[in-house]
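One-letter residues, chain by chain:
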Amino acid sequence: MLKKSGKAFLVGGCIGLAGEALIQLAGLFIKDPTMAMMAGILLFGIVAVGLIASGLYFKIAKLGEEGAAIPVCGLMLGAATGAAAARAAGKSKGQAFLAGFWGVIKVLGTGYVLALALGLLLR
């Protein structure tokens, strides 16, 4: 269990570090910090799509398991696999998109609800 947690922590940390590096890189070209952050996150999403399309992210996710599922690219992977499963089950492209999108909404919604509950609890 400790080895599994260590892998998840290492992979998630590396993904977070890569995202932070992209935000800092965007900050070199964009002086407004808010815009630089948004541009960095957009770059992160583009890199994630490339990793998913190439199949490399599946190997990273297999190694890091939960550590690879939490970051932005993990949400994209979840959406892509949900949509692919729906297409394999014979759903239309629109239904497959909604299936993938719904998985992301569930993860984000759960996070927001937990953050709200903790915020109210710790108030």
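Look up a bit, the structure's there.
Quantities reported herein were computed from a predicted structural model and do not represent experimental measurements.

Conventions adopted
Residues numbered from 1 in each chain as written. Predicted model: local features only at pLDDT ≥ 70, side-chain atom pairs only at ≥ 80, totals over all residues. Heavy atoms only, no water. Axes fitted to C-alpha atoms, helices over the stretch in contact; angles between N-to-C directions. Helix = DSSP H or I, 4+ residues; strand = E, 2+ residues; numbered from the N terminus. Parallel < 35°, antiparallel > 145°, perpendicular 65-115°, else oblique. Contact = heavy atoms within 4.5 Å. Nonpolar A, V, L, I, M, F, W, Y, C, P; charged D, E, K, R; others polar. Patch = residues over 30% accessible without salt bridge, like charges linked within 9 Å, V, L, I, M, F, W, Y side chains within 5 Å. Areas by Shrake-Rupley, 256 points an atom, 1.4 Å probe, with all protein chains shown as cover. Salt bridge = Lys/Arg side-chain N within 4 Å of Asp/Glu carboxyl O. Buried < 20%, exposed > 50% of the residue type's maximum accessible area, 1.4 Å probe, protein only. Core = buried A, V, L, I, M, F, W, Y, C linked by side-chain atoms within 4.5 Å.

Moving on, we come to the packing of helix H2 (residues 33-54) against helix H3 (residues 56-64). As a packed pair, H2 and H3 sit with axes 4 Å apart at the nearest point and diverge in direction by 90°. The angle between the axes of H2 and H3 places the two elements in the roughly perpendicular class. Between H2 and H3, the contacting residues are Leu 51, Ile 52 and Ser 54 on the first element and Leu 56, Tyr 57 and Phe 58 on the second. Considering only residue class, the contact of H2 with H3 consists of five nonpolar, one polar and no charged.

The subject of this paragraph is a nonpolar patch on the surface. Taken together, the side chains of Leu 25, Leu 28, Phe 29, Leu 42, Leu 43 and Ile 46 define a hydrophobic patch exposed on the protein surface, amounting to about 650 Å² of accessible area. Among the secondary structure elements, those contributing two or more residues to the nonpolar patch are helix H1 (2-29) and H2. By the element assignment, Leu 42 lies in helix H2. The exposure class assigned to Leu 42 is exposed, which follows from its relative accessible area of 56%.

With that settled, consider the nonpolar core. Within the largest apolar cluster, seven residues are counted, these being Val 11, Ile 15, Leu 22, Phe 44, Ile 52, Tyr 57 and Ala 61. Looking at which element gives the most residues to this core, the answer is H1, with three residues.

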